[in-house]
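Topology and contacts: notes
For reference, the chains in residue letters:
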Amino acid sequence: MPVFHKFRRSIYVLLLFAATVNRGMADCGPPPRDAESIGIRHVHDGDTLILEDERRLRLLGFNTPEIERRERPAEPLGMQAREQLVQWIENSGRRIRLQYDAEGKDRYGRTLAHAFLEDGRSIAELMLEAGLATTLIIPPNLQHASCYAEAEQKARAQKRGVWALPSHQPVGLEELRYHRDRYTVLRSRVLKLEQNVKGFIIWLGTYENAVRVYIAADDLELFPQKRLKTLAGHEVEIRGWLHRRDKVWTMQLRHPAQFDIQ
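Residues numbered from 1 in each chain as written. Predicted model: local features only at pLDDT ≥ 70, side-chain atom pairs only at ≥ 80, totals over all residues. Heavy atoms only, no water.

**Side note on the nonpolar core**
For clarity, the threshold we go by: Among the buried residues, those of types Ala, Val, Leu, Ile, Met, Phe, Trp, Tyr and Cys that are joined through side-chain atoms within 4.5 Å form a nonpolar core. Note on classification: 1.4 Å probe, protein chains only; a residue is buried when its accessible area is under 20% of the maximum for its type, exposed when over 50%, partly exposed between these limits. Residues are treated as being in contact if the distance between any of their heavy atoms lies within 4.5 Å.
Ile96 and Ile202 are the most contacted members of the largest nonpolar core, which has 62 residues in total. Beyond its immediate stretch of four places on either side in the chain, Ile96 contacts Glu36, Ser37, Ile38, Ile40, Leu49, Leu57, Ile89, Ala115, Phe116, Leu117, Glu118 and Ile123. The next biggest cluster of nonpolar side chains, apart from the first, holds five residues, and it includes Trp203, Ala210, Tyr214 and Ala216.

**Observations concerning the pairing of strand 10 (residues 210-216)**
Test applied: Strands are runs of DSSP state E lasting at least two residues, helices are runs of H or I lasting at least four, and both sets are numbered from the N terminus onward. Whether two strands pair comes down to DSSP finding at least two bridges between them.
The element strand 10 is extensively covered by neighbouring structure, given that six of its seven residues are classed as buried. Strand direction decides the pairing type here: strand 9 (residues 199-205) and strand 10, joined by seven bridges, are antiparallel. Bridged to Ile202 within strand 10 is Val213. Linking two consecutive strands that pair antiparallel, namely strand 9 and strand 10, is a turn of four residues. Note that strand 10 and strand 12 (residues 248-252) share four bridges and pair parallel. Directly across from Val213, in strand 12, lies its bridge partner Met251.

**Quick look at helix 2 (residues 78-91)**
Inclusion rule: In this analysis, the expected span of each helix is defined as 1.5 Å times one less than the number of residues it contains. It is the directions from the helix axis to the C-beta atoms whose arc is reported.
Compared with the 20 Å implied by 1.5 Å per residue over 14 residues, the 20 Å span of helix 2 between its first and last C-alpha is a close match. Where helix 2 is concerned, the buried positions are Gly78, Ala81, Arg82, Leu85, Trp88 and Ile89. In an axial view of helix 2, the angular spread of the buried residues amounts to 125°, which keeps them on one side of the axis. Phi turns positive one or two residues past the end of helix 2, at Gly93, with a value near 75°.

**As for the packing of aromatic side chains**
Using the following cut-off: Side-chain rings of Phe, Tyr and Trp, where Trp is taken by its six-membered ring, are said to pair if the distance between their centres is within 6.5 Å; with planes under 30 degrees apart they count as stacked, over 60 as edge-to-face, and otherwise as tilted. Criterion for a charge above a ring: Arg CZ or Lys NZ at most 6 Å from the ring centre, at most 35 degrees from the ring normal.
One pass over the structure, following the stated rule, counts two aromatic pairs. Ring geometry for Trp163 and Tyr183: centres 6.4 Å apart, planes at 70°, overall edge-to-face. In this pair, Trp163 sits in the loop between helix 4 (145-157) and strand 8 (182-196) while Tyr183 sits in strand 8, placing the two residues 20 residues apart along the sequence. Here Tyr183 and Trp241 contribute two aromatic rings whose centre-to-centre distance is 5.2 Å and whose plane-to-plane angle is 85°, an arrangement assigned as edge-to-face. Taken as a pair, Tyr183 in strand 8 and Trp241 in strand 11 (residues 235-245) lie far apart in primary sequence, 58 residues in all. A relative accessible area of 32% places Trp241 in the partly exposed class. An aromatic cluster of at least three residues, connected via ring pairs, comprises Trp163, Tyr183 and Trp241. Here the guanidinium or amino end of Arg156 rests over the ring plane of Trp163, the centre of that ring lying 5.9 Å away.

**Some remarks on the state of the cysteines**
For clarity, the threshold we go by: Here, a disulfide means two cysteine sulfur atoms that sit within 2.5 Å of each other.
Taken as a whole, this structure holds one disulfide when the rule is applied. What pairs with Cys28 in a disulfide is Cys147, and their sulfur atoms sit 2.1 Å apart. What sets the handedness of the Cys28 and Cys147 disulfide is the S-S torsion sign, and at about -100° it is left-handed. Taken as a pair, Cys28 in the loop between helix 1 (3-22) and strand 1 (36-45) and Cys147 in helix 4 lie far apart in primary sequence, 119 residues in all. Note on Cys28: relative accessible area 3%, which makes it buried.

All quantities given are derived from atomic positions and should not be read as evidence of function.
Here it is in structure tokens:
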């Protein structure tokens, strides 16, 4: 990672801590004065737009349920998230404002940006507070991360949208036998901890039935490391994409918004 990005992320950790201590629920906007204003040609789904200059824009900070594609059925609330985004954009005169972060494109070549309506409201914050999305915070794009995490927490506490669905309720390890690769809220006790040059591993469950939770070394500075090292025996809740790899359930944590100590 470039030295500038490491410095920027270290500053972000300090700012995130200060924000958590000094403010309650706060808006993620308005956008900076130099934010790009651009028209929308098409709303693809709840988190992806086609801009008037034909760029494909992946909105930063959140992930909405999938809409129907080819042979894959729509996920619950996927169409509702798209329809809500269409309504917000229509009410905004089919224009939004873009704030770019550390990385401007993803591996698929899509433009990445935080998006705001013309009245200054954050689309990510609106989606998360409505419960039509889950946080998706991927370093080094960390602007507004604490605000997005707070917006999701508010929706979870009030069981709005996806947080009222059976698929987004906490499950234990014994329920994973019926599971498949998907977004999962997993609650379990920490079995043991490991750390090496590649990152930090939190093993949940039992030796006979364990889940591997992985934090890469580059992301570790975002987490409370002293607290992580004392987690053995504590119950935690993790949220994210759970995958079956080499006969072991695995989830990677990219940001503390995915993680709670019970």
